[in-house]
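Chain residues, written in single-letter form:
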Amino acid sequence: KAYGGTLEEINMSALALARAGVESKKLTKATEVVIKMAKLTGDTFQMSADALITYMTVYKDTGVTIKELGDELAYMANQSKLSTEDIAIFSNYALEASKSAGIARYWVEAMAIALSNAGTKAETIGTTLRRFTSVMRDNSVAIQEFFNKLGISQKSFAFMLHKSTKDSEKAMIWLLKRLKS
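These numbers were taken from a predicted model, which means no experiment stands behind them.

> Report on the environment of Gln154, specifying residues and quantitative values.
Examined against the element boundaries, Gln154 turns out to sit in helix α9 (residues 154-161). Separated by 135 residues in sequence, Gln154 and Arg19 have C-alpha atoms that sit 40 Å apart. The contacts of Gln154, once residues within four sequence positions are left out, are Val135, Met136, Arg137, Asp138, Asn139, Ile143, Gln144 and Phe147.

So, in structure tokens, the structure goes:
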């Protein structure tokens, strides 16, 4: 065993990353990210690789590095009840829709953390995120009135969601509390 897993598990993670399009010159660093994610979250190399690959596939054209994505995913797993397998599951439902709507990945991560900590399963998190994405794109009078009743404009709330993962998390917690009251 090496790095808390077998050499075969490390090789399988590297192979999965290569098949997902990681260039050979970046493969060693990407595999190190997977190993560190697995160590930080307690999940397997394969689960960590799957989650990272899902994020890489969606956000490859945004300039974010594999290391940054790995750090964000480890943070999300450690701040919630989500495993990296859960992250991969909800991501398959929600990431592409959120990105195409112009919603920052920080918001996706914050919402996933909040929903997970409220006991929501990964599949439901993905569906909820996809539905919420459509609400954030909807400029109808009914949606504008909904946000106004909460005491914030849709545009202001969207701005809060785009700052950082921690700020987005705070915004989502604020929203969930407002919805409960």
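> If you had to explain the confidence of the model for the protein to someone new, which residues and values would you point to?
Per-residue confidence for the protein gives a mean pLDDT of 88; residues scoring 70 or more make up 96%. The least confident element of the protein is helix α10 (residues 165-180), whose mean pLDDT is 79; the most confident is helix α1 (residues 7-19), at 93.

> Just give me the short version of a nonpolar patch on the surface, but keep the residues and values in it.
A contiguous nonpolar patch, built from Phe146, Leu176 and Leu179 and spanning about 230 Å² of accessible area, is present on the exposed surface. For Leu176, a relative accessible area of 30% corresponds to the partly exposed category.

> Give me the pattern of salt bridges: which residues, what numbers.
This model, assessed by the stated rule, comprises four salt bridges. Lys25 is the salt-bridge partner of Glu23, the closest N and O atoms lying 3.8 Å from each other. Given a relative accessible area of 67%, Lys25 falls into the exposed group. The closest approach of N and O atoms between Glu72 and Arg105, which form a salt bridge, is 2.7 Å. Of the two residues, Glu72 sits in helix α4 (residues 66-78) while Arg105 sits in helix α6 (residues 105-117), which places them 33 residues apart along the sequence.

> Report on the packing of helix α3 (residues 45-59) against helix α5 (residues 84-100), specifying residues and quantitative values.
Interaxial distance between α3 and α5 falls to 8 Å at its minimum, and their mutual angle equals 10°. As judged from the angle between their axes, α3 and α5 are roughly parallel. Within the contact between the two elements, α3 uses Met47, Ser48, Asp50, Ala51, Thr54, Tyr55, Val58 and Tyr59 and α5 uses Thr84, Glu85, Ile87, Ala88, Phe90, Ser91, Asn92, Leu95, Glu96 and Lys99. Across the contact of α3 with α5, the residue classes tally to nine nonpolar, five polar and four charged.

> Describe helix α2 (residues 24-41), with residues and values.
For α2, built from 18 residues, the straight-helix expectation of 26 Å at 1.5 Å per residue is met to within 8% by its first-to-last C-alpha distance of 26 Å. Where α2 is concerned, the buried positions are Leu27, Ala30, Thr31, Val33, Val34, Ile35, Met37, Ala38 and Thr41. On its buried face, α2 sits against α1, α3, α4 and α5. After α2 finishes, the residue Gly42 shows a positive phi value of roughly 80°.

> Tell me about the environment of Tyr59, and please be specific about residues and values.
Here Tyr59 shows up in helix α3. Put simply, Tyr59 and Leu95 are 36 residues apart on the chain and 8.9 Å apart in space, counted from C-alpha to C-alpha. Among residues more than four places away in sequence, those in contact with Tyr59 are Val64, Leu95, Lys99, Arg105 and Val108.

So, how was this worked out
- Residues numbered from 1 in each chain as written.
- Predicted model: local features only at pLDDT ≥ 70, side-chain atom pairs only at ≥ 80, totals over all residues.
- Heavy atoms only, no water.
- Helix = DSSP H or I, 4+ residues; strand = E, 2+ residues; numbered from the N terminus.
- Contact = heavy atoms within 4.5 Å.
- pLDDT = per-residue confidence, 0-100.
- Patch = residues over 30% accessible without salt bridge, like charges linked within 9 Å, V, L, I, M, F, W, Y side chains within 5 Å.
- Areas by Shrake-Rupley, 256 points an atom, 1.4 Å probe, with all protein chains shown as cover.
- Salt bridge = Lys/Arg side-chain N within 4 Å of Asp/Glu carboxyl O.
- Buried < 20%, exposed > 50% of the residue type's maximum accessible area, 1.4 Å probe, protein only.
- Axes fitted to C-alpha atoms, helices over the stretch in contact; angles between N-to-C directions.
- Parallel < 35°, antiparallel > 145°, perpendicular 65-115°, else oblique.
- Nonpolar A, V, L, I, M, F, W, Y, C, P; charged D, E, K, R; others polar.
- Expected span 1.5 Å × (residues − 1).

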